[in-house]
Amino acid sequence: MKKRDIISSLFWMAMGLGVCYGGYDLGLGTFHDPGSGFMFFGVGIILIGLSLIILIRAIKERPAIGELKVLWTGIRWKQVITILLALLLYAYLFVPLGFILSTVLLLIFLFKAVEPQRWRWAILGAIISTFAAYGVFHVWLKSPLPKGFLGIG
Amino acid sequence: MEFLNYLGIGFSVALQPSNLFYCFIGVFIGTLVGVLPGIGPVGAMSLLLPTTFKITPEAAIIMLAGIYYGAMYGGSTTSILVNIPGEAASVVTCLDGYQMARQGRAGPALGIAAFGSFIAGTLSILGLMFLAPPLSKLALRFGPPEYFTLMILGLTILIYLAQGAMPKALIMAAFGLVLGLVGLDSINARPRFTFGKMELIDGVGLVPIVMGLFGISEVLLNIEQTVRREVLKTRLKGLLPTAKDWKDSTGPIARGSLLGFFLGILPGGGAVISSFISYAIEKRLSKHPERFGKGTIEGVAGPESANNAATGGAFIPLMTLGIPPNVIMAMLLGAFMIHGITPGPLMMKQNPGLFWGVIVSMYIGNIMLLILNLPLITIWVQVLRVPYKFLSPLILLLCLIGVYSVNNVVFDIYIMLIFGIMGYLMKKFGYEGAPLVLAFVLGPLMENNLRKSLIISQGDFSIFFVRPLAAASLILALFLLISPLIPGLGRKRRVIPKGEVS
């Protein structure tokens with residue numbers, strides 16, 4: 001875990017510094033009357049301290065060969081990134097395209113991307129799932145879903 | 001007599017048709033997510049949290065609680081038939097359950113798991129009924145310093161039990177605290193860490209965080225692996241355990257129930273830990289320890305009873321103190337808050353219908369689960385055969401719409417995706433999500449009680465040391481925190497094998 005711990009500890013150290021700064025900026029108050037930033041500042045200091053512990057431990061640790069490579073060999077990390085990008089795009093297009101259109105498109109993509117299936121099944125599965133979800137959330141639970149430029153839904 | 005009176009109130013609430021319906025939905029979904037890998041009770045509860053906005057608080061809590069104990073039942077099915085635990089508390093059931101199935105005894109294994117769970121679940125509800133009222137009375141005497149230090153202790157125990165390095169678990173808790181404090185300051189209404197975003201004024205939502213950490217990240221981790229699940233092709237017959245099976249299992253069920261209940265009260269994954277400890281105890285007590293791991297029924301009966309009894313115990317800190325001991329109870333606390341109810345010592349007086357209704361519904365739910373799990377077991381086995389390539393897009397879809405429908409803002413979807421990525425990376429870098437979520441929920445309560453305590457004592461920190469309970473909690477927490485540094489004690493901490501603390 002040597003390299004991984006160094007990376008993550010540096011991340012948390014930066015986070016701790018940010019939280020401390022933010023807390024200081026909000027005002028620490030006094031012990032008699034703690035201010036809005038009092039707890040942030042304290043927790044920020046704790047974050048920095050803890051990340052230092054992890055960092056020092058990691059530096060002392062013996063390096064493992066190819067440790068970072070293990071993170072992506074033998075696993076389908078490209079799939080993970082593609083799917084994440086698709087989900088972000090979905091969030092972006094959710095309101096402009098509307099629930100039904102954006103969801104059908106996303107599901108067709110997911111059915112093809114997770115493990116390739118025939119187009120016929122992907123499209124059919126996407127349409128059925130979308131309308132089932134629409135039925136449950138919009139019709140039954142009365143949750144307002146965006147209609148989009150087509151005005152359906 | 002007072003007790004019977006309360007019980008009567010409980011039954012009158014739990015037996016209302018709509019509450020029975022939501023109880024059934026809860027245990028049904030619980031069994032389903034227990035059976036399905038890739039989504040656990042935490043994910044399912046956060047998915048369904050938005051749907052409870054429009055129903056009564058009683059129905060909401062009854063349904064969400066049903067998901068929790070239902071998942072404990074369902075989880076054993078996959079352990080026994082596929083050798084893959086549906087959730088972390090059923091990991092140990094794989095050892096002997098799967099071996100029994102391979103020897104053609106899947107029926108009795110599933111049977112004793114269900115009966116054991118039923119008996120243990122029932123016993124723990126009885127324990128809850130008797131322990132909760134006196135504890136509530138005691139808790140009424142607690143002030144802000146006691147609450148603050150008890151929460152510190154709760155978080156510390158969770159961190160102590162967390163998997164992997166303790167500094168990492170502490171970092172997660174600290175980060176959770178920071179997240180919990182985002183939004184308006186409860187005392188002077190100043191926006192904090194909102195970065196000018198209107199959506200953050202009310203703070204970061206619990207649902208997007210939990211769904212990201214426990215829903216999206218799980219799916220991502222499952223997608224990157226190409227694991228094939230083989231359902232054991234065995235004919236299920238003779239679900240009822242034989243007289244000998246019963247004789248062998250009585251002791252383990254009784255011990256598992258007691259152990260599970262009391263460990264369940266403690267913060268941090270009572271269900272998971274108690275199932276492992278129960279297995280270890282049964283193995284040590286057995287006249288034939290060599291049979292463990294080769295398909296002995298005691299190895300299924302004990303742990304399965306323990307993990308179900310723990311679910312009842314876990315309700316105690318939440319219902320009497322208002323402090324959730326684990327992530328699932330934190331979700332329930334969230335559900336209570338949404339309906340404007342603060343669980344704690346006053347709840348039993350102010351909302352007896354809700355308090356006793358939920359407890360009695362758990363008893364009814366246990367009967368429903370017995371019916372759902374034994375005669376209908378073949379249906380759950382069919383569910384297991386649904387391939388992951390169909391399942392994962394659907395879980396993602398449910399997360400997306402679920403999180404959107406809480407507040408109808410796209411911002412929450414982004415938050416969920418960010419935490420999904422974070423949860424995925426956390427797994428790779430050896431961090432665990434449970435301390436983060438619990439600290440997130442406790443954060444605002446802790447800050448409030450800390451500030452109140454300091455106002456009471458006029459800035460004097462000794463207030464935490466002169467009050468006996470506060471001092472005891474702090475000393476115990478401190479001991480747990482430094483114990484890994486003490487030689488001999490430190491090593492033992494890692495012995496407890498765990499999947500997730502939830």
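Residues numbered from 1 in each chain as written. Chains lettered and ligands numbered in written order. Predicted model: local features only at pLDDT ≥ 70, side-chain atom pairs only at ≥ 80, totals over all residues.

Trainee: Outline the overall build of chain A, listing residues and values.
Mentor: A count of helical and extended segments in chain A gives 5 helices and 0 strands. Sequence-ordered secondary structure for chain A, helices as α and strands as β, is α-α-α-α-α. Relative to a compact globule of 153 residues, whose C-alpha radius of gyration would be 15 Å, chain A shows 24 Å and is clearly more extended. Dimensions of chain A, computed from C-alpha atoms along their principal axes, come out at roughly 60 × 50 × 25 Å. Classification of the 153 residues of chain A by burial places 30% in the buried group. For chain A, long-range pairs separated by at least 24 residues make up 54% of all intrachain contacts whose partners lie at least 6 apart in sequence. (Helix = DSSP H or I, 4+ residues; strand = E, 2+ residues; numbered from the N terminus. Rg over C-alpha atoms; globule rule 2.2 N^0.38 Å. Buried ≥ 20, exposed ≤ 12 C-beta atoms within 10 Å, placed from the backbone. Contact = placed C-beta atoms within 7 Å.)

Trainee: How would you summarise the overall build of chain B if you had to cite specific residues and measurements?
Mentor: Broken down by element type, chain B carries 21 helices and 2 strands. For chain B, whose C-alpha radius of gyration is 22 Å, the value lies close to the compact-globule estimate of 23 Å for 502 residues. Structurally, chain B occupies a C-alpha span of about 70 × 55 × 50 Å along its principal axes. Burial analysis of chain B (502 residues in total) assigns 59% to the buried set. For chain B, restricting intrachain contacts to residue pairs at least 6 apart in sequence, the fraction spanning at least 24 positions comes to 80%.

Trainee: Give a description of the interface of chain A and chain B that names residues and reports values.
Mentor: Chain A puts 50 residues into the contact, and the matching count from chain B is 45 residues. Going through the elements one at a time, helix 1 (2-26), helix 2 (38-60), helix 3 (77-97), helix 4 (99-114) and helix 5 (119-140) of chain A are the ones with two or more residues in the side of chain A that touches chain B. Among the elements that make up the side of chain A that touches chain B, the one with the highest residue count is helix 3 of chain A (11 residues). When the residues that make up the side of chain A that touches chain B are grouped by side-chain class, the tally is 35 nonpolar, 11 polar and 4 charged. (Nonpolar A, V, L, I, M, F, W, Y, C, P; charged D, E, K, R; others polar.)

Trainee: Explain the packing of helix 10 (residues 243-265) of chain B against helix 11 (residues 270-285) of chain B to me, using residue names and the numbers behind them.
Mentor: Residues and elements named next belong to chain B. Remark: helix 10 packs on helix 11, axes separated minimally by 9 Å, with the N-to-C direction vectors making an angle of 145°. For the pair helix 10 and helix 11, the sense of crossing is right-handed. Two secondary-structure elements touch here, helix 10 through Pro252, Arg255, Gly256, Leu259, Gly260, Leu263 and Gly264 and helix 11 through Gly270, Ala271, Ile273, Ser274, Ile277, Ser278, Ile281 and Glu282. In the contact of helix 10 with helix 11, the residues fall into 7 nonpolar, 6 polar and 2 charged. (Axes fitted to C-alpha atoms, helices over the stretch in contact; angles between N-to-C directions. Left-handed = near helix turned anticlockwise from the far one by under 90°.)

Trainee: Describe in detail the domain arrangement of chain A, supporting the description with residues and values.
Mentor: Segmentation of chain A into domains returns domain 1 (2-71) and domain 2 (77-140). Placing a centre on the C-alpha atoms of domain 1 of chain A and another on those of domain 2 of chain A gives a separation of 38 Å. (Domains from an automatic or database assignment.)

Trainee: Could you give an account of unusual backbone geometry, naming the residues involved and the relevant values?
Mentor: Residue and element names in this part refer to chain B. Look at phenylalanine 193: it is not a glycine, yet its phi comes out positive at around 50°. With respect to the helices, strands and loops of the structure, phenylalanine 193 is situated in the loop between strand 2 (191-192) and helix 9 (206-224). For phenylalanine 193, a count of 21 C-beta atoms within 10 Å translates into the label buried. One non-glycine residue with positive phi stands out, namely glutamine 458, at about 55°. Along the polypeptide, glutamine 458 turns up in the loop between helix 19 (434-456) and helix 20 (463-466). Look at glutamine 458 and you get exposed, because 10 C-beta atoms sit within 10 Å.

Trainee: Talk me through helix 4 (residues 57-82) of chain B; I want residue IDs and the actual numbers.
Mentor: Residues and elements named next belong to chain B. Under the 1.5 Å per step criterion, the end-to-end length of helix 4 is 37 Å for 26 residues, consistent within 8% with the ideal 38 Å. A maximum bend of about 30° is found in helix 4 at alanine 71. Of all 26 residues in helix 4, 25 are buried; the element is thus mostly enclosed. Positive phi shows up at asparagine 83, right after helix 4, with a value of about 70°. (Expected span 1.5 Å × (residues − 1). Bend = angle between axes of the 7 residues up to and from the residue.)

Trainee: Before we move on, can you summarise the confidence of the model for chain A with the specific residues and values?
Mentor: When pLDDT is averaged across chain A, the result is 85; 93% of the residues are at 70 or more. Confidence, read as mean pLDDT per element, is least for helix 5 of chain A in chain A (86) and greatest for helix 2 of chain A (90). (pLDDT = per-residue confidence, 0-100.)

Trainee: Quick rundown of the environment of B:Pro324? Include the residues and the values.
Mentor: Residue and element names in this part refer to chain B. As for its position among the elements, proline 324 is in the loop between helix 12 (298-321) and helix 13 (327-338). Separated by 11 residues in the primary sequence, proline 324 and alanine 335 place their C-alpha atoms 12 Å from one another. Setting aside residues up to four positions removed in sequence, proline 324 forms contacts with Pro317, Leu318, Met329, Ala330, Leu332, Leu333, Leu438 and Val441.

Trainee: Could you give an account of the packing of helix 13 of chain B against helix 19 of chain B, naming the residues involved and the relevant values?
Mentor: Residues and elements named next belong to chain B. Running from N to C, helix 13 and helix 19 point in directions that differ by 30°, and their axes come no closer than 9 Å. Between helix 13 and helix 19, the crossing angle belongs to the class labelled roughly parallel. Handedness of the crossing formed by helix 13 with helix 19: left-handed. Residues Val327, Ala330, Leu333 and Gly334 of helix 13 form the contact with helix 19, whose participating residues are Ala434, Val437, Leu438 and Val441. (Parallel < 35°, antiparallel > 145°, perpendicular 65-115°, else oblique.)

Trainee: Requested: an account of the environment of B:Val178, with residues and values cited.
Mentor: Looking at the element boundaries, B:Val178 is found in helix 8 (residues 166-181). Since 27 C-beta atoms lie within 10 Å of it, B:Val178 is described here as buried. When the C-alpha positions of B:Val178 and B:Ala439 are compared, they lie 8.7 Å apart, and in sequence the two are 261 residues distant. Every residue in contact with B:Val178, bar those within four places of it in the chain, is listed here: A:Val19, A:Phe40 and A:Val43.

Trainee: Lay out helix 2 (residues 17-35) of chain B in plain terms, naming residues and giving numbers.
Mentor: At 3.6 residues per turn, the α-helix brings residues three or four places apart onto the same side. Taking 1.5 Å as the rise per residue, helix 2 of chain B with 19 residues should run 27 Å; its terminal C-alpha atoms sit 27 Å apart, in good agreement. Among the residues making up helix 2 of chain B, those that are buried are B:Asn19, B:Tyr22, B:Cys23, B:Gly26, B:Val27, B:Ile29, B:Gly30, B:Thr31, B:Val33, B:Gly34 and B:Val35.

Trainee: Report on the confidence of the model for chain B, specifying residues and quantitative values.
Mentor: Residues of chain B with pLDDT of at least 70 account for 93%, and the chain-wide mean is 83. Here helix 16 (residues 377-384) of chain B stands out as the least confident element of chain B, with mean pLDDT 78; helix 18 (residues 410-428) of chain B is the most confident, with 92.

Trainee: Talk me through the nonpolar core; I want residue IDs and the actual numbers.
Mentor: Counting 202 residues, the largest nonpolar core has B:Leu64, B:Met331, B:Leu332 and B:Val437 as its most contacted members. When residues of this core are assigned to their parent elements, the largest contribution, 16 residues, is made by helix 4 of chain B. Each of domain 1 (2-71) and domain 2 (77-140) of chain A gives at least three residues to this core. (Core = buried A, V, L, I, M, F, W, Y, C linked by C-beta atoms within 7 Å.)

Trainee: Mind laying out the environment of B:Phe21, listing which residues take part and the relevant values?
Mentor: Inspection of the secondary structure puts B:Phe21 in helix 2. Through-space distance from the C-alpha of B:Phe21 to that of B:Ile281 is 39 Å; in sequence the pair is 260 residues apart.

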